[in-house]
Amino acid sequence: MNDNKTMIEIKDLHKRYGDIEVLHGINLTVAPKEVVVVIGPSGSGKSTMLRCINYLEEASSGEIWVDGEKIEPKTNLNRIRAEVGMVFQHFNLFENKTVLQNIMLAPMRVRGESREVAEKKALELLDMVGLKDKANVYPKNLSGGQQQRVAIARSLAMNPKVMLFDEPTSALDPEMVKEVLDVMKKLANDGMTMIVVTHEMGFAREVGDRLIFMADGQIVEQGVPEEVFANPQHNRTKQFFSKIL
Ligand code: ADP
Ligand code: MG
């Protein structure tokens, strides 16, 4: 049962690779339309947490719920990955397909949408990310920022309930960061529930409803971004900020 106050719930999530535990009991509840920004040092488990939420990795123990449904091996994985969109640092577009084909592929193959419906939606999404004029272009002829915006449109074409972003701007040249962050901001303003791992502190401050600081496989501290920045409670957080701010 979904009480409409929770979109994502993570309960005591542990993840081990062999003998090494990299997530030591994560608890996190994300409300519908909430934007949670996750920061923390490299190796702290941010990507692993996101990958467990859409089942790219199987949790070692604990529970993950999305919109009132438990994510587990017997769940239909295609459906989960449609409902939980994910955007990575590297965009992974299909190089031999046009922008439009990249966006239409999964809706047609996985959701069984007709070509007409898939194309109409793809063009709307391209408009939303500011790339309507690139529909028939191949990825190699786009800049990194444009490719990442196509990747976002491709995820959105599956009508996800939640979007996960794993350092979506880290591989981009600086002048392309803003165009991607602006699309994410628009998405947030439209009411998408989002978890965003990023080093972009301006985005965290401006768009994030909540900031989570992770270190060593745990959530160390969280709060309203402005307050966490201004007044970090834990030494580990202070240390991290002293290096990046
Ligand atoms: P972050 O995204 O915060 O940099 P990760 O979630 O990528 O951290 O990694 C957390 C820890 O898990 C790191 O110590 C990393 O080396 C380890 N790890 C990640 N993926 C694997 C894997 N497939 N096999 C073994 N160890 C892994
Ligand atoms: Mg990572």
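Treat the numbers as computed from the prediction; the structure is a model and nothing was measured. (Residues numbered from 1 in each chain as written. Chains lettered and ligands numbered in written order. Predicted model: local features only at pLDDT ≥ 70, side-chain atom pairs only at ≥ 80, totals over all residues. Heavy atoms only, no water.)

Draft legend 1. Just the side chain of Arg210, in detail. With respect to the helices and strands, Arg210 occurs in strand β9 (residues 210-215). Arg210 sits in the buried class, given a relative accessible area of 15%. Here Glu34 takes part through its side chain, which lies 2.9 Å from a polar atom of the side chain of Arg210. Excluding residues that lie within four positions of it along the chain, Arg210 makes contacts with Leu28, Thr29, Val30, Glu34, Val35, Val36, Val37, Gln222, Gly223 and Pro225. (Helix = DSSP H or I, 4+ residues; strand = E, 2+ residues; numbered from the N terminus. Buried < 20%, exposed > 50% of the residue type's maximum accessible area, 1.4 Å probe, protein only. Polar contact = N/O pair within 3.5 Å; in protein donor to acceptor, adjacent residues only side chain to side chain. Contact = heavy atoms within 4.5 Å.)

Draft legend 2. Highlighting helix α3 (residues 99-109). Among the residues making up α3, those that are buried are Val99, Leu100, Asn102, Ile103, Met104, Leu105 and Pro107. On its buried face, α3 sits against α4 (115-128) and α5 (144-156).

Draft legend 3. Looking closely at the packing of aromatic side chains. The full count for this structure, using the stated rule, is 3 aromatic pairs. Seen in terms of ring centroids, Phe213 and Phe240 are 5.2 Å apart; in terms of plane orientation they differ by 40 degrees. Their pairing is tilted. In this pair, Phe213 sits in strand β9 while Phe240 sits in helix α9 (residues 235-244), placing the two residues 27 residues apart along the sequence. Residues Phe213 and Phe240 agree in their burial class; the two are buried. Here the aromatic rings of Phe240 and Phe241 are separated by 6.4 Å at their centres, their planes lie at 45 degrees, and the arrangement is tilted. Comparing Phe240 with Phe241, the two get one shared label, buried. Through a chain of ring-to-ring contacts, the aromatic side chains of Phe213, Phe229, Phe240 and Phe241 assemble into a single cluster. A cation sits over an aromatic face here: Arg154 above Phe94, 5.2 Å from the ring centre. (Phe/Tyr/Trp six-rings, centres within 6.5 Å; stacked < 30°, edge-to-face > 60°. Lys NZ or Arg CZ within 6 Å of the ring centre and 35° of its normal.)

Draft legend 4. Structural detail: the environment of Lys97. Positionally, Lys97 belongs in the loop between β6 (84-87) and α3. Accessibility expressed as a relative area gives 23% for Lys97, which makes it partly exposed. Sequence separation of Lys97 and Pro139 is 42 residues, and the distance between their C-alpha atoms is 7.7 Å. The contacts of Lys97, once residues within four sequence positions are left out, are Asn102, Leu105, Tyr138 and Pro139.

Draft legend 5. Inspection of the site of ligand 1 at higher detail. Neighbouring residues of ligand 1: Tyr17, Val22, Pro41, Ser42, Gly43, Ser44, Gly45, Lys46, Ser47 and Thr48. Here Tyr17 contributes a side-chain N or O atom positioned 3.5 Å from a nitrogen atom of ligand 1. Contact distances for ligand 1 include 3.0 Å between an oxygen atom and a backbone N or O atom of Gly45. Relative to its unbound accessible area of 560 Å², ligand 1 is 57% covered by the protein chains. Among the elements that line the shell around ligand 1, the one with the most residues is helix α1 (residues 46-53), at 3 residues. Its residues assigned to classes, the shell around ligand 1 shows 3 nonpolar, 6 polar and 1 charged. (Near = heavy atom within 4 Å. Areas by Shrake-Rupley, 256 points an atom, 1.4 Å probe, with all protein chains shown as cover. Nonpolar A, V, L, I, M, F, W, Y, C, P; charged D, E, K, R; others polar.)

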